[in-house]
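Residue-level structural notes
Letter by letter, the chains look like this.
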Amino acid sequence: MPKVETNVSSEEFKQGAEHTLFVEGDENSLDPQVISKLLGGKIGVKPLGPSYHIRSAAEAMYKYHPKYYFLIDRDHYDDAFIEQRWSNFPDPDESNLLVWPRREIENYFIIPDYIKQSEYLTVSFDELENCIQNLCNERIFIDTANLVILEIRENFKQNWINLFDKKEEFRSNEDAIKKLTELNDFNKFKNKIGLETSLQHLKDTYDKYYNLLTGSDNKLEFNTGKWLELIKGKPILPLVIDKCFKVKGTGKKPLQGKDKMKAITNDLVNKPIENQPHDFQRLYDLISKQIDRLH
């Protein structure tokens, strides 16, 4: 397994600079900061805003820029789609798009076995696990409900209503309005909305995600269900860091907020690659092999 390179020569950087990985967020976001450190200067890492911008860019650019790669949060994507992206990367017939298997990058920094490696941890491993579990318990209901919304919202992005294609049937305003009012696709669309938003469908979809997260239990347990992967990690990580870690500043006061988070995440992502989460290792390996292949 390759090691993370923290001191990369100018020649090595020049060789990989034309390769670019576009990620979510802006210059102050966790994604570009962490991934740049993880990949050790092998490739340029640039933030490109929200995930829908990145996926659109990936679909538009992959044929013309084979050295551009794209990485987005999981959002509504399922395991099969995500694994297909990683297993076939890079696919010459598809955009060079990867999707995190966990909800977002923050979810990797609430994995107890990973973050226990930090020199800034101030609590026992049991206390760390309890902290993460309790904070996730507080979000289980809202995040399950939001997964329902993500699924329904995605379903209605499809082109449910076909466009007209016979111009000879449209000779006046009256013809056009008559065609619109007679279009059966609108009724199908109304029926689809009615089904997706019915009480029973909402309950069934909610139960599906709740059981997925909890493993069909009524409480969260480590190694049961997918709550640690699918809970929204972004609001949880700062709380875990606040409760379980301490970073000394240059003065008497310890670091707080984003400075504290940056120190801790940098400390972790600078560990040897074999000590990184599986998905971090896999990303490093895929990008390294792609750079080698194209030089």
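Here the structure is shown first, and the text comes after it.
Only a predicted model underlies this, so the values are computations on that prediction, with no experimental measurement involved. Per chain, residue numbering runs from 1 following the sequence as it is written. Predicted model: local features are reported for residues with pLDDT of at least 70 only, side-chain atom pairs are reported and counted for 80 or more only, and whole-chain, interface and lining totals are derived from all residues. For side-chain calculations, the full set of non-hydrogen atoms in the structure is used, while hydrogens and water are omitted.

Re unusual backbone geometry
Put simply, F89 and P90 share a cis peptide bond, and its omega is -10°. Turning to its location among the elements, P90 is positioned in the loop between α4 (79-87) and β4 (97-99). Despite not being glycine, D75 shows a phi value in the positive range, around 50°. Only DSSP runs of H or I covering at least 4 residues are called helices, and only runs of E covering at least 2 are called strands; the numbering of each starts at the N terminus. Structurally, D75 can be placed in the loop between β3 (68-72) and α4. Residue classification places D75 among the partly exposed positions, given a relative accessible area of 23%. Phi angles above zero are rare outside glycine, and N223 is one such case at about 70°. Mapped onto the elements of the fold, N223 is located in the loop between α10 (199-214) and α11 (227-230). The exposure class assigned to N223 is exposed, which follows from its relative accessible area of 84%. Under the scheme applied here, a residue whose accessible area is under 20% of the maximum for its type counts as buried, over 50% as exposed, and between as partly exposed, the area being computed with a 1.4 Å probe on protein chains only.

Here we look at the layout of surface pockets
Taken as a whole, the largest pocket spans an internal volume of roughly 570 Å³. Computed over the protein atoms alone on a 1 Å grid, cavities are sets of points where a 1.4 Å probe fits but cannot get out and pockets are open sets with protein on both sides within 12 Å along at least five of seven lines; a residue lines them when it has an atom within 4 Å of a point. Together, 25 residues line the largest pocket, and S51, Y52, D75, L150 and R153 are the ones closest to its centre. Every element with two or more residues in the lining of the largest pocket is listed here: α2 (30-39), α3 (51-61) and α7 (140-155). With five residues, the single largest contributor to the lining of the largest pocket is α3. Grid points are joined across faces, edges and corners, and a volume is the space filled by probe spheres set on the points.

Comments concerning the packing of helix α12 (residues 233-244) against helix α13 (residues 257-269)
The N-to-C vectors of α12 and α13 enclose an angle of 85°; their axes lie 10 Å apart at closest approach. Classified by the angle between their axes, α12 and α13 sit roughly perpendicular to one another. Note on element contacts: α13 touches α12 through K260, M261 and I264, opposite L237, P238, I241 and D242. Along the lines of polarity and charge, the residues of the contact of α12 with α13 split into five nonpolar, no polar and two charged. For helices, the fitted axis covers only the stretch in contact; all axes are lines through C-alpha atoms, and the angles between them, taken along N-to-C directions, range from 0 to 180 degrees. Comment on the angle field: the value is read as roughly parallel under 35 degrees, roughly antiparallel over 145, roughly perpendicular from 65 to 115, and oblique elsewhere. Two residues qualify as a contact provided that any one of their heavy atoms is within 4.5 Å of a heavy atom in the partner residue. Note that Gly is not counted as nonpolar here; it falls among the polar residues with everything else outside the nonpolar set of Ala, Val, Leu, Ile, Met, Phe, Trp, Tyr, Cys and Pro and the charged set of Asp, Glu, Lys and Arg.

Some words on the sheet that holds strand β1 (residues 20-23)
Strand order in this open sheet of four strands is β2-β1-β3-β4, and the pairing throughout is parallel. Two strands lie at the open edges of the sheet, namely β2 (44-47) and β4, each paired on one side alone. Averaged over all neighbouring strand pairs, the angle between strand axes comes to 25°, with direction disregarded. Paired strands are those between which DSSP finds at least two bridges. Of the pairings in the sheet, the one linking β1 to β2 comprises four bridges and is parallel in character. Residue pairing across strands places F22 opposite K46, the latter belonging to β2. Strand contacts of α3: β1, β3 and β4, with the helix running at about 150° to β3, the strand carrying the most contacts.

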